[in-house]
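In case you want the letters, here they are:
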There are 4 protein chains.
Amino acid sequence: MNALPDSSIASLVDVQSQADPRQVAIQQVGVRGVRHPVRVAADAGAAQETVARWTLTVALPAEKKATHMSRFMELLAAHRHEAMKPARLCAMAESMLDLLQAGAGDITVDFPYFIDKAAPMTGARSLMDYQVGWEAHARQGRRTDFSLRVVVPVTSLCPCSKAISRYGAHNQRSQVTVRLDYAAAPALDLDRLIGDIEACGSSQLWGLLKRADEKFVTEQAYENPKFVEDLVRDVAIGLRRLSGVTAFEVAVENFESIHNHSAYAVVRGGPQA
Amino acid sequence: MNALPDSSIASLVDVQSQADPRQVAIQQVGVRGVRHPVRVAADAGAAQETVARWTLTVALPAEKKATHMSRFMELLAAHRHEAMKPARLCAMAESMLDLLQAGAGDITVDFPYFIDKAAPMTGARSLMDYQVGWEAHARQGRRTDFSLRVVVPVTSLCPCSKAISRYGAHNQRSQVTVRLDYAAAPALDLDRLIGDIEACGSSQLWGLLKRADEKFVTEQAYENPKFVEDLVRDVAIGLRRLSGVTAFEVAVENFESIHNHSAYAVVRGGPQA
Amino acid sequence: MNALPDSSIASLVDVQSQADPRQVAIQQVGVRGVRHPVRVAADAGAAQETVARWTLTVALPAEKKATHMSRFMELLAAHRHEAMKPARLCAMAESMLDLLQAGAGDITVDFPYFIDKAAPMTGARSLMDYQVGWEAHARQGRRTDFSLRVVVPVTSLCPCSKAISRYGAHNQRSQVTVRLDYAAAPALDLDRLIGDIEACGSSQLWGLLKRADEKFVTEQAYENPKFVEDLVRDVAIGLRRLSGVTAFEVAVENFESIHNHSAYAVVRGGPQA
Amino acid sequence: MNALPDSSIASLVDVQSQADPRQVAIQQVGVRGVRHPVRVAADAGAAQETVARWTLTVALPAEKKATHMSRFMELLAAHRHEAMKPARLCAMAESMLDLLQAGAGDITVDFPYFIDKAAPMTGARSLMDYQVGWEAHARQGRRTDFSLRVVVPVTSLCPCSKAISRYGAHNQRSQVTVRLDYAAAPALDLDRLIGDIEACGSSQLWGLLKRADEKFVTEQAYENPKFVEDLVRDVAIGLRRLSGVTAFEVAVENFESIHNHSAYAVVRGGPQA
């Protein structure tokens, strides 16, 4: 395969840099759904290797025809081996503004994150997986905003079912999806945040439970019934107390074991006055 | 299977109606992901039978412990055979406020929608499918808001690839996702809205194309190259002119034929001043 | 838009009909993932309107370059208003062999199917949704085979958790996926088949349950604990007895409420000797 | 949280080990959809860290009531830091037979895999992602079988569209899914296998292309048109020649840029006679 002579490369017309007459500014343009490895440094421990979906976009002024898509991929490649934490993602978004000559830009990265947990009675260790998303919103001349999203699965056990039944109570896996907005990159302790959310379920989940653990988990859930409303409220109360958070949303979806649809609840709010 | 005696039913404790001490109001609580048939009346023609995913939620005041989930399903069953249009979905959301004794409530319904299209040269007829979502936001004492979401697939052909190559140009399927907010239920002509969006692609798509149609579509796309930025701008210009729309968002995702990720652009705006 | 003159259409080269030198026969070629409405007649009642994903393929001999994709879509359009039952899908697959001049051909159609159920105590009516797939395998000179796939969600309650715990027992939604192969199109009673599968769960599911129903369902599940192994065996025993079935597979996936993964079991077999 | 006294743990009934009277053997029972990190050693280079979905199952004889689910998770944890290659996955499946006292057992692991590629003209480097699945099938007293699945995205450009149009040709992203069965764990060179499959497309894909690369890729695809039938045949011819393969399947899905559905083709076969 022969390379084009340099003169040929130089002469390739740069359509993207032409002017645009339509007078429509674009809030976001870039690449979406890029699957790429990332090293995540989300707590005090060592960075963990995982695989992310990335979206990188910039704002495009009305008079510019198009952006340069390949530069987003160059940016991604340049940060491949970095231990990524919120402050570094914000810095990466700020450097994107220069690279793309843009006034605003957003990076979102979404990845599975693992915590090594000990089973409640036997202490047997196993990994639990959580889905985490980070977003950095850079704007020229302003501090870069940061948002966090985490999906935490727990058990919920229905208080009504327990109250009206002679024995038993329906329970199921629930997903607690929390979104936190920060005015600046936080010093994050993801394991602690996840642990605090898990503590709001009827029980938390583990990858590995021995018989003594299963007994513990079953009884704990039965002693601790929660409607979807209870779960969403208890998580919200905890989120209100987080420092540095400017706004939050918590959505809980119970994959009901007695229906083929979900019970669902959302609370949005800000920091406690 | 024996029925419980009436006295037994009457005595079942109503846990949901108890008071809650946590002082956390819930913006949305209800059922999510309910798969249910719906008859959609989205234009001048006959209603079409399709299958939807429904989410129905109400706001719950801080002092109430829980909502009554089964009533959402009763509401859905009661409207099963109705020809659903925006005004009827808004009325359904308003009746939900009474049924659940709520100050606010939202219904979203998401369904595939079909248009019978004629191929561009031969006129051969086939159905094209589009994903459509409707949302009604009811608030006590206010007019019910309505939002529309529609996903329209088109072809996009890259202007840069065409300009720099001796022949050919990479092209691909693109998804145009439009969201429109209305202050009140609109008199919707979904087929015309979709047609106007399709007209912004390098070419539109059909279920069935004969050879003469394929020649036409290929040449039309080549004559009509569009960056993701061109597509999103051209759709935005059309949306600005729609009457009754208070805000819009258009997002375009090109499933690039030369990459394993997407090019992506978003424009948000309001009606033209 | 002007039509091409006839001479122009006539002269379009038919690349698909050329000869191929590679000596590789293709077992299946056609269209996949076509979303299209269908009227399903699966039991004694009236046909129900639903929306399906279709895949239509034929075998292509080694010496033929390509098939004619548009004919699959014409076939689909021609059967749009038919009340589809197994025998008609088989006949449709047989007519596809003529239309495409093929020695073998397969049609698969996958759709949500609804059953109007009465809650166990109050009799309150609601729809439950099930995912159903039909496949017809036509071969020149042989009887057309038929296969059925149905996904039935149920509740499963863990016998170990119940046995070792002082109270309660973890339970969850489970998916029972049954595949049945028939040597010829069966006279199907889909509602009865689904009902028989549901009866193997710790409890079946309903769209709508009132309080008395929820008490019944909770207690029934507690009285009727099932491992994933129990569920898969009990369904298999029922499937063995079905007449006309040449082979079956039942896979059960429990979306464990105490883990973030599933328990899973599969039994494959044939009719009882 | 107090631990149960030992006597209490010891006395927990082992429901799973009881006898079962139903006389139904279970071909597969275990855990499914476990998300867990894995280090993959798929070629001559260093192992790469990625995130997998695991399914681990064993056969259960008719007379045994249930398997011990927690042991699958222990096995997974024990192999967490190992550099996984086909021979090691087979050894892991064989050790699972002992651990679960089973006559047969299967492990499947499905993960994104990355290759560092150089753009065709500029040599700019970027990662491309591929979805890979490995399966080990262990049977007491027999050699363990191994299967490989890999999904390779490429560009396809339509020969018919090119032949009948004055200029241009529709093209799109295509997915080539290859399955290879081996009688024993192969010495795999995954990068080379993927490269050989990519070479069958109208063009291969890259994460990052500069303008000179885009010109090259566009022209190469136009010079190299392929029907879905051409693609599936060319891949099949290459697979027939692989040593150690007892059976193969190649499925190609073209996400047509002119339709909202796919063109699709499958060839199944064995090694060349």
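Residues numbered from 1 in each chain as written. Chains lettered and ligands numbered in written order. Predicted model: local features only at pLDDT ≥ 70, side-chain atom pairs only at ≥ 80, totals over all residues. Heavy atoms only, no water.

The subject of this paragraph is the overall build of chain A. The secondary structure content of chain A amounts to 7 helices and 10 strands. Projected onto the principal axes, the alpha-carbon positions of chain A cover approximately 85 × 40 × 35 Å. Sorting the 273 residues of chain A into buried and exposed places 61% on the buried side. For chain A, contacts bridging at least 24 residues in sequence account for 65% of all contacts bridging at least 6. Total accessible area on chain A is roughly 10000 Å²; 48% of this is exposed by carbon and sulfur atoms. The average position of the 30 basic charges and that of the 31 acidic charges among the side chains of chain A differ by 2 Å. (Helix = DSSP H or I, 4+ residues; strand = E, 2+ residues; numbered from the N terminus. Buried < 20%, exposed > 50% of the residue type's maximum accessible area, 1.4 Å probe, protein only. Contact = heavy atoms within 4.5 Å. Areas by Shrake-Rupley, 256 points an atom, 1.4 Å probe, with all protein chains shown as cover. Lys, Arg positive; Asp, Glu negative; His and termini not counted. Charge placed at Lys NZ, Arg CZ, Asp CG, Glu CD.)

Tracing the backbone shows Glu253 of chain C in strand β9 (residues 245-254). Sequence separation between Glu253 of chain C and Leu89 of chain C is 164 residues; the distance between their C-alpha atoms is 29 Å. Among residues more than four places away in sequence, those in contact with Glu253 of chain C are Arg173, Ser174, Gln175, Ser262, Ala263 and Tyr264 of chain C together with Arg32 of chain D. Here Arg32 of chain D takes part through its side chain, which lies 3.2 Å from a polar atom of the side chain of Glu253 of chain C. (Polar contact = N/O pair within 3.5 Å; in protein donor to acceptor, adjacent residues only side chain to side chain.)

So, on to the packing of helix α2 (residues 69-78) of chain B against helix α3 (residues 86-99) of chain B. Each pair of packed helices can be described by the angle between their axes along with the distance between the axes. All names here are of chain B. Packing of α2 against α3 brings their axes to within 11 Å, and their N-to-C directions diverge by 145°. As for the relative orientation of α2 and α3, their crossing is right-handed in sense. Where α2 approaches α3, its residues Arg71, Phe72, Leu75 and Leu76 are matched on the opposing element by Met92, Ser95, Met96 and Leu99. For the contact of α2 with α3, the class distribution of residues is 6 nonpolar, 1 polar and 1 charged. (Axes fitted to C-alpha atoms, helices over the stretch in contact; angles between N-to-C directions. Left-handed = near helix turned anticlockwise from the far one by under 90°. Nonpolar A, V, L, I, M, F, W, Y, C, P; charged D, E, K, R; others polar.)

For the pair chain B and chain A, the best superposition has an RMSD of 0.0 Å and corresponds to a rotation of 180° with a translation of 0.0 Å parallel to the axis. On the angle and the small slide along the axis, the relation comes out as a two-fold axis. For chain B, the smallest separation between a C-alpha atom and the rotation axis is recorded for Glu249 of chain B, amounting to 11 Å. Take the interface residues of chain B: 100% of them recur as interface residues in chain A, which is what a same-surface contact looks like. (Least-squares fit on C-alpha atoms with pLDDT ≥ 70 in both.)

So, about the interface of chain B and chain A. Put simply, an interface is often sized by how much accessible area is lost when its parts join up. Facing 52 residues of chain B, the contacting portion of chain A comprises 52 residues. On the chain B side of the interface with chain A, the three residues burying the most area are Arg32, Arg233 and Tyr264 of chain B, jointly 18% of the side's total. Between the two partners, chain B and chain A, sit 10 salt bridges. Between Arg22 of chain B and Asp230 of chain A there is a salt bridge whose closest N-O contact spans 2.4 Å. Counting the contacts that link chain B with chain A gives 34 residue pairs in polar contact (both at pLDDT 80 or more). Across the side of chain B that touches chain A, the residue classes tally to 29 nonpolar, 11 polar and 12 charged. Looking at chain direction, strand β1 (residues 26-40) of chain A and strand β10 (residues 262-269) of chain B are connected through 5 bridges and run antiparallel. Bridge pairing in β10 of chain B places Val29 of chain A opposite Ala265 of chain B. (Buried area = accessible area lost by both parts, 1.4 Å probe. Salt bridge = Lys/Arg side-chain N within 4 Å of Asp/Glu carboxyl O. Pairing = 2+ DSSP bridges.)

What follows covers the pattern of salt bridges. Applying the stated criterion to the full structure yields 82 salt bridges over all chains. Ionic pairing is found between Asp110 of chain B and Arg149 of chain B, a salt bridge with its closest N-O pair at 2.7 Å. Separated by 39 residues along the polypeptide, Asp110 of chain B in strand β4 (residues 104-118) and Arg149 of chain B in strand β6 (residues 145-157) bring together distant segments of the chain. For Asp110 of chain B, a relative accessible area of 23% gives the class partly exposed. Between Arg32 of chain D and Glu253 of chain C there is a salt bridge, and its shortest N-O distance comes to 3.2 Å. Linking Arg32 of chain D in strand β1 (residues 26-40) with Glu253 of chain C in strand β9, this pair reaches from one chain into another. Judged by its relative accessible area of 30%, Arg32 of chain D falls in the partly exposed class.

Attention now moves to the UniProt feature "site: May be catalytically important" (unreviewed entry) in chain A. Those places that UniProt annotates as "site: May be catalytically important" (unreviewed entry) correspond, in this numbering, to Cys158 of chain A. Note that Cys158 of chain A resides in the loop between β6 (145-157) and α4 (159-164). (UniProt positions renumbered as here; feature names shortened; annotations may be inferred.)

Further remarks concern the state of the cysteines. Residue and element names in this part refer to chain C. Across all of its chains, the model carries 0 disulfides over all chains by this definition. No disulfide involves Cys160; its sulfur sits 5.1 Å from the nearest other cysteine sulfur, which is in Cys158. Overall, the relative accessible area of 0% leaves Cys160 in the buried class. (Disulfide = S-S within 2.5 Å.)

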